[in-house]
Amino acid sequence: MSRSRMWSPRLAALFASAAIVIAACSGGTATVAPTTGTTSAAPSTGTASTAPSAGTASTAPSAGPFTAMAYPATGEAPCGEAAAPDATHDKYTGNFKKISAPDAQTVVFELCSPDAAFLSKIAFTSFGINDTAWLEANIDPAGTTNQKIVSNVNGTGPFKLEAWNKGSDVTFTRNDAYWGDKAKAEKLIIRWGKEAAQRLVELQAGTVDGIDNVGGTDFAAVEGNADLQLKKRPGLNVMYFGFNNKFPPFDNEKVRQAIAMGIDRQRLVDDFMPPGSEVATHFTPCSIPNGCVGDPWYGYDPAKAKEMLAAAGFPDGFKTKIQYRDVSRSYVEDQNVIATALQQQLKTNLNIDATIEVQESATFIDNADAGKLDGIHILGWGADYPDQTNFLGYHFGAGASKQFGDKFPDITKALDEGAAGLSDEARKPAYTTADNAIRTNVPMVPISHAGSAVAYRADIKDAHTSPLGNEIFSVMTPGDRTQMVFMQNAEPPGLYCADESDGEALRVCNQFSEGLYAYEIGGVAALPTLAEKCEPNTELTTWTCTIRSGVTFHDGSTLDAGDVLTTYAVQWDADHPLHKGRDNSFSYFPGLFGGFLNPPVPQPAG
C-alpha cells in the first residue's frame, strides 16, 4: 500500500501552507486537508549515488484508507489574474487551475484554458511520477540546491538505478517487479564522450553497443560496415543564436534585426552541418503542424544589415561575446567550429568584435534559464512532442525561461491564443501572428534543422532511434550479452528530471522513470503508461485520469493518485517547500503549462 495514501503531519502542513497562500490571494478561507492517524515510515535513502533496494517498503506500516486530496487545498489558482497578488509574487500566467485526487485511482486536472496538447505534454520525461514519501525523504525544505533527490531516485520503470559513478557512467539493473514487459537486458550502462570520433571508435571496437549523434562525415562509414547499423533521426530540432534583451546593445531591436540579416546561415549549414540538414526558415521545423505558417526568416543581406546597425547607433560595430557549451547535440555536432565561423562573419559583415566564451554544459544551461547570458549564445532544441507549444510556447511563451530577457507581449498573446485552439486549423492564425512577431522582435536567429543519427552494433535486436531523442533501451536485446552499453554525448547534470532540461539527463531518466503517458517507441504518439486513460471534457479544460492499479516503485511502495498529485504540485507551486532539486529552475513546467503558481518577482539581470 502506498505511503502517499496517508497524510503525514509534514505533508498536511505543506498543503495547508499552499491553501493559506491561495486564500490570501483570493480572499477566501483556507481549509486544511485532514490528517490520518498514523504516519507512514519514509524509505531508507542510502547513499546519494545508489538506488533503493526493492522491497524495503515492506517494513512500512500499513496505510489507512485513501483521503481525497486537492491542490490548492481550497479555492483555485487565479486564472488570468492581471496583477501580482503581493510584493513577493508576480502575476499568475499558468494554465493549471486545480488538481484533485478524489480517490486512490483518479486524478483530475482542471485547466484555465483548453489544451489540445495536454497528453503529449504529460508524456514528457519531466513529469515522471515520484513516490510522495520518497520526495519528502530526499528533499529538505530548509535546504537550497543539489538536494539528495538529484542522485537518489526511485522510479517505476523497467530499469532501476544501481549507481551513478560520477565522471564515468550511470548503471542500471533490470526491475524484475516491473508492471509491464521486462527489460531484455539484465543491466544497462550509459556512458558518455563528447567527441563523435571517440564514440565511433568505441562502437567499432565493441566496447559499447550503441552511440548517439554519429559524426556527419561518418554516416557512410557506419552504413558500409556490416558489423554496425545506422538509424537516421528525423530533424525535428533547431539550432539558433540567442540574445537577452536586458543586456545592451541587445536591448535594441534594430541591433538584433541587423545581426539576423548579417549572418550567412546557408554557409553555416553547407560547411558545418551533417547530411539531411537544412536552413531554418522558421524556428519550428515545417513538419510540425503550423510550424512554418508565418513569413520566412530574413534573407542574407550584409550591406543592409550594416546600414541598419549604423542607424541603431553602432556605425563602427561593438564588442560582445559568443557563449556556448562544448558538447555535441542532435542539432549541432561541433559548436566550436560554429562559434568560430560566427565570430568571423560578425567581424567581416558588421565589424562586431566577439570573443568566444565556452562554459561547462550544466553551468551554461543554468545561466541560460536564469537569464545570465549577456552575449550572443548558441543553443538548440530537439522536439519533446510534435506541437508548436513545445517549440514556440516553451521558448517564447509567458512561462518561458529568462533566456531571452523580458517577454514580448505580442508574441505571448498570440501563443496563448494558439495553445487554446481546439484544432490545428483553428490555431493557424494565432501561430501565423506569433511567427511574424518573432521575426520582428528577433529574440534569436534560427539557423538550421539538423540531420542526425544513432548507430548500434549489428546484433542489437529492436534497435531504433526516436525523432524525440528518447530511445528506450529496455526493448533492445544486446545479442548474446547480458548488458546493454550506450554512449551519449555528456554526463547528465542530475537525475531528478523535474528539475532538468538537458537532453543527456532526460534520456537517462527515460530508462527508470515513467509518467501518466509516454511516447510510442521510436515515434511521437502519446500512449497511456501509468494512467490507463486520461479523458477530457468537451472543452478540453478538464482531464480525468484513471491510474493503473498494481504499479510499484523501485523501493516497493505502491503508486496511487496521491503520488501523481504531489508530483505535479511540487513542480507547479514555486512556494511549495519541496519545490527544490538541483538548481530549482523546474523550467519545463512553466514552459509547457504557462507559469508557476506563486511565481517569484523577477530579479534584475546580472
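All residue numbers here refer to positions counted from 1 along the written sequence of the relevant chain. In keeping with the predicted nature of the model, local features appear solely for residues at pLDDT of at least 70, side-chain atom pairs appear and are counted solely at 80 or more, and the whole-chain, interface and lining totals rest on all residues. The basis for every side-chain value is the complete set of non-hydrogen atoms in the structure, without hydrogens or water.

**Describing the nonpolar core**
Throughout this description, the term nonpolar core refers to a set of buried Ala, Val, Leu, Ile, Met, Phe, Trp, Tyr and Cys residues connected via side-chain atoms within 4.5 Å. Only protein chains enter the accessibility calculation, which uses a 1.4 Å probe; a residue whose area is less than 20% of its type maximum is buried, one above 50% is exposed, and one in between is partly exposed. With 146 residues, the main nonpolar core has F96, F109, F241, I259, L516 and Y568 as its most contacted residues. Note on contacts: a residue pair qualifies if any of its non-hydrogen atoms lie within 4.5 Å across the two residues. F109 has contacts with F96, K98, I99, F118, L516, T541, T542, W543, C545, V564 and Y568, leaving out every residue within four places of it along the chain. In this structure, I189, L203, A455 and V485 belong to the second largest nonpolar core, which totals 14 residues.

**Thoughts on the state of the cysteines**
Here, two cysteine sulfur atoms that lie within 2.5 Å of each other are counted as a disulfide. This structure, assessed with the given rule, holds 4 disulfides. Note that C79 is cross-linked by a disulfide to C112, the S-S spacing being 1.8 Å. Taking the torsion about the S-S bond as the criterion, the C79 to C112 disulfide, at about -70 degrees, is left-handed. Of the two residues, C79 sits in the loop between β1 (69-71) and β2 (96-103) while C112 sits in the loop between β3 (106-111) and α2 (118-122), which places them 33 residues apart along the sequence. Judged by relative accessible area, C112 falls into the partly exposed class, the value being 24%. Counting only the cysteines that take part in disulfides, in the order they occur along the protein chain, gives the pairing 1-2, 3-4, 5-6, 7-8. Every helix listed is a DSSP run of H or I at least four residues long, and every strand listed is a run of E at least two residues long, numbered separately from the N terminus.

**Quick notes on the confidence of the model for the protein chain**
Averaged over all residues, the pLDDT of the protein chain is 89; the fraction at 70 or higher stands at 89%. Predicted confidence for residues 1-62 stays below pLDDT 50, and this span has 135 contacts to residues more than four positions away or in other chains. Scored between 0 and 100, pLDDT is the confidence that the predictor attaches to each residue.

**Quick notes on the sheet that holds strand β5 (residues 169-174)**
One open sheet accounts for 7 strands, arranged β4-β5-β6-β18-β7-β15-β8; its pairing is mixed. Only two strands of the sheet have a single partner each, and these edge strands are β4 (159-165) and β8 (228-233). Strand direction decides the pairing type here: β8 and strand β15 (residues 452-457), joined by 6 bridges, are antiparallel. Each bridged residue has a counterpart across the sheet, and for L228 the counterpart in β15 is R457. In the packing of helix α14 (residues 503-512) onto the sheet, the strands contacted are β4, β5, β6 (187-192), β8 and β18 (483-488), and the crossing angle to β18 comes to about 160 degrees. DSSP-based pairing: two strands are paired if at least 2 bridges between them are found. Comment: axis = line fitted to C-alpha atoms, over the contacting stretch for helices; angle = value between 0 and 180 degrees taken between N-to-C directions.

**A look at the pattern of salt bridges**
Throughout this description, the term salt bridge denotes a Lys or Arg side-chain nitrogen within 4 Å of a carboxyl oxygen of Asp or Glu. All chains considered together, the criterion is met by 29 salt bridges. Across the pair D374 and K321 runs a salt bridge, and its minimum N-O distance is 3.3 Å. One end of the pair, D374, is in the loop between α10 (361-369) and β13 (376-382); the other, K321, is in strand β11 (residues 319-325), and 53 residues separate them in sequence. Look at D374 and you get partly exposed, because its relative accessible area is 27%. K321 sits in the partly exposed class, given a relative accessible area of 29%. D502 is the salt-bridge partner of R329, the closest N and O atoms lying 3.0 Å from each other. Taken together, the residues R329 in the loop between β11 and α9 (335-350) and D502 in the loop between β18 and α14 connect sequence positions 173 residues apart.

**A few points about the environment of T207**
Within the secondary structure layout, T207 lies in the loop between α4 (196-205) and β7 (210-211). Note: C-alpha distance between T207 and M487 (280 residues apart in sequence) is 9.7 Å. In contact with T207, not counting residues within four places along its chain, are R191, E202 and V485. A polar side-chain atom of T207 sits 2.7 Å from a polar atom in the side chain of E202. Two N or O atoms form a polar contact when they lie within 3.5 Å of each other; inside protein one atom must be a possible hydrogen donor and the other a possible acceptor, and for residues adjacent in sequence the pair counts only when both atoms belong to side chains.

**Focus on helix α15 (residues 561-572)**
For an α-helix, 3.6 residues make a turn, and residues three or four places apart therefore share a direction. Here, expected helix span is obtained from the residue count minus one, scaled by 1.5 Å. For α15, which comprises 12 residues, the first-to-last C-alpha distance of 16 Å matches the rise-based estimate of 16 Å (1.5 Å per residue) to within 8%. Buried residues dominate α15, accounting for 12 of its 12 residues. Among all positions of α15, only A561, G562, D563, V564, L565, T566, T567, Y568, A569, V570, Q571 and W572 are buried. For α15, the N-terminal capping position is held by D560, with its side-chain oxygen 2.9 Å away from the main-chain nitrogen of G562.

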